[in-house]
Amino acid sequence: MLKHPSSRRDFLRIVVAITAGGVGLPLLGACGTVAPSAPTPPPASSAGAGAAKPASAYPSFVASSGAAKPDFPSGGPLYEDGFSTYPINPQKALTATPPTSSSNKVQCYTNNSAPAPPTPLEQNQAWQTVNKELGADVQFTIIAQADYPTKLATVMAGSDLPDVMLIPGGGATGSTIQNLTQFLGAQAADLTPFLAGDAAKDYPFLAAIPTYAWRNSGCVRNGKLQMLPIERYYPGSMLLKNRDVYDQVVGKDYTPKNADDFKRVLQALTNPSQNQWGIGSYLDQMYYIYFFVAMFGAPNGWALDSSGKLTKDYESPQYKEAITYVRDLVVSGVFHPDALTIADSTRACDALIGSKFVLDVETFGNAWQDGWTRGPKLNPPVTPAAVLPFPAHDGGKAQHFFGRGYFGMTAFKKAPDDRIKELLRIANWLAAPFGSAEDLLLTTGVKDIDYTVGADGSISVLPPSNQDANSVPWKYIIQRPQVAYWPGIPAYAKAATDFEKAAVAVGVADPTLGFSSATLDAKGQLLLRTMIDGTTDVLAGRRPLSDWDQLVKDWQNNGGNSIRTELQQAIAAAA
């Protein structure tokens, strides 16, 4: 079973050890949207998340016992266990129903990346069964990904907060909700008395979430534990191919040799007369610039040198080289013409399996699973597959950006202690380990409606499962640590763990994860928005390449240098 580092320092030791074997050290996630500013409450009495990180505020990590035996065991703390099929004869991990108060309705505000909405509660036996097991009436307000940041900001500015809120963790560029620390201090429940240290033993499946997820996501603000992490994606982003088209045109399992060869591949895959382009992108992803800067060897967000000095990725010559390269690709016509306006990753996946473009950069996990679920049912059938990392230059080392180790965070609105305990017990149930009866219900649904069980105990997924279970956003409240498994696709586990082996071997981490600063909290979103808009304009040809240097200087002068200083101080204080 996967063994996780128990602290941020343990995790950094792991990364340093990997570095000694040839991997660089400079975790940001993959695709995502940019969150706008939250309302500004009265100023807090101290600085942002990075200023106070007492170990006692975090839960003591305790791995789940009795875990299922994987088909492809984890190779270490940065890998997932792989399961070709769901473990036979899953048993309940919990027997007690969480206590309920006189008001057992739980309103959750979240987004969803599923391609179809969930089956409504009234017709959804899986959802009804989960609620019965929880002893609660859990309801969701589900917002489209593209609209979620703006609508969440409106909710946060109001006086009628939902019980449970998904807080976006940021995209590849590290976006944050502006003034999140102040909002949490004013409006969110303090979870420290219930989860800090050994108190988390009352919620064993929350205690089994790796400490890196709590720390990297900044769940502790001003010394208080105020959010739960949704653990995800250490493998980060990946280059996905429409295997059926790619292998036919380029060659089976072909990995480009360098940047010039990759341009050749994209040109070979581009056929506008057939409504097919080499690669896509979507709104605010800047033509997937973060994939290309990794290829050219830039830092993953920040690089930290031996003296404790940080260098932002924008400031590196490799980033500038990638800007020039992607601008050339845009001029060459290999990007889909809607690459800047496709709404979100789900729509991008639609285009990938629909052969509108043949390559797409997506988050490891969800998009690959979604495409593999839907693609083989098309006519002709399509299967998405990974293209392994490769360097920009001959003789260079391939580089892959690790993810953040979390997707987002969950905050509870302030409430009496009994209500917070009820919500935590519900969250604990939702985090039941892989292979348990609870997890099977949450991810696959109800027997004989969403799946059948064969004579040998094996599970066969039925068509209703996707909308009855997967489309209900339980996993965007909380979920157990990730494994490489997907219902009905036995081959996914090996494919995913094989990609992990290749990606982790050349992985690069962001050393600033879990740290913040007053300037970042107050101005980070605005600075990010300016860089996204400016970078997109340069790449699209609406501004000259010569404007790039000024964009970087403006970022430095308008707050970037202050963020650097404050992050350096926070990292030094935690050393």
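Residues numbered from 1 in each chain as written. Predicted model: local features only at pLDDT ≥ 70, side-chain atom pairs only at ≥ 80, totals over all residues. Heavy atoms only, no water.

### What about the sheet that holds strand E1 (residues 105-112)?
Two strands in a sheet stick together by hydrogen bonds in their backbones, pointing the same way (parallel) or opposite ways (antiparallel).
Alright, step 1. Taken in spatial order, the five strands of this open sheet run E2-E1-E3-E14-E6, and their pairing is mixed. On the outer flanks of this sheet lie strand E2 (137-144) and strand E6 (228-231), each paired with one strand and no other. Taking each pair of neighbouring strands and ignoring which way they run, the sheet shows an average axis angle of 25 degrees.
Alright, step 2. In this sheet, strand E14 (residues 406-412) lies alongside E6 in antiparallel orientation, the contact comprising four bridges. Pairing of Leu-228 across the sheet is with Thr-410, part of E14. (Pairing = 2+ DSSP bridges. Helix = DSSP H or I, 4+ residues; strand = E, 2+ residues; numbered from the N terminus. Axes fitted to C-alpha atoms, helices over the stretch in contact; angles between N-to-C directions.)

### Notes on the pattern of salt bridges
Alright, step 1. For the structure shown, the criterion picks out 22 salt bridges.
Alright, step 2. Residue Glu-133 is joined to Lys-92 by a salt bridge in which the shortest nitrogen-to-oxygen separation is 3.1 Å. Of this pair, Glu-133 sits in helix H2 (residues 125-134) while Lys-92 sits in the loop between helix H1 (8-20) and E1, placing them 41 residues apart in sequence.
Alright, step 3. By relative accessible area, Glu-133 is classed as partly exposed at 22%. (Salt bridge = Lys/Arg side-chain N within 4 Å of Asp/Glu carboxyl O. Buried < 20%, exposed > 50% of the residue type's maximum accessible area, 1.4 Å probe, protein only.)

### Quick word on helix H11 (residues 317-332)
Alright, step 1. Over its 16 residues, H11 runs 23 Å from end to end, which matches the ideal 22 Å to within 8%, given 1.5 Å per residue.
Alright, step 2. Considered for burial, the residues of H11 that qualify are Tyr-319, Ala-322, Ile-323, Tyr-325, Val-326, Arg-327, Leu-329 and Val-330. (Expected span 1.5 Å × (residues − 1).)

### Some thoughts on the environment of Leu-240
Alright, step 1. For Leu-240, the position within the fold is in strand E7 (residues 237-242).
Alright, step 2. Excluding residues that lie within four positions of it along the chain, Leu-240 makes contacts with Leu-352, Val-358, Leu-359, Asp-360, Glu-362, Ala-367, Trp-368, Pro-384, Ala-385 and Ala-386. (Contact = heavy atoms within 4.5 Å.)

### A closer look at the packing of aromatic side chains
Alright, step 1. Counted according to the given criterion, the structure contains 30 aromatic pairs.
Alright, step 2. For the pair Tyr-314 and Tyr-319, a centre-to-centre distance of 5.6 Å together with 85 degrees between the ring planes defines the contact as edge-to-face.
Alright, step 3. For Tyr-314, a relative accessible area of 6% puts it in the buried group.
Alright, step 4. Look at Phe-407 and Tyr-476: their rings are 5.0 Å apart centre to centre, the planes differ by 35 degrees, and that puts the pair in the tilted class. You can see Phe-407 sitting in strand E14 and its partner Tyr-476 sitting in the loop between helix H16 (465-470) and helix H17 (491-505), a full 69 residues away along the chain.
Alright, step 5. On the basis of relative accessible area, Phe-407 is assigned to the buried category, the value being 18%.
Alright, step 6. Tyr-476 gets classed as buried once you look at its relative accessible area, which sits at 2%.
Alright, step 7. Chaining the aromatic ring pairs together yields one cluster made of Phe-262, Tyr-287, Phe-291, Phe-292, Phe-296, Tyr-325, Phe-335 and Phe-390.
Alright, step 8. Over the ring of Tyr-406 we find Arg-404, and its NZ or CZ is 4.6 Å from the ring centre. (Phe/Tyr/Trp six-rings, centres within 6.5 Å; stacked < 30°, edge-to-face > 60°. Lys NZ or Arg CZ within 6 Å of the ring centre and 35° of its normal.)

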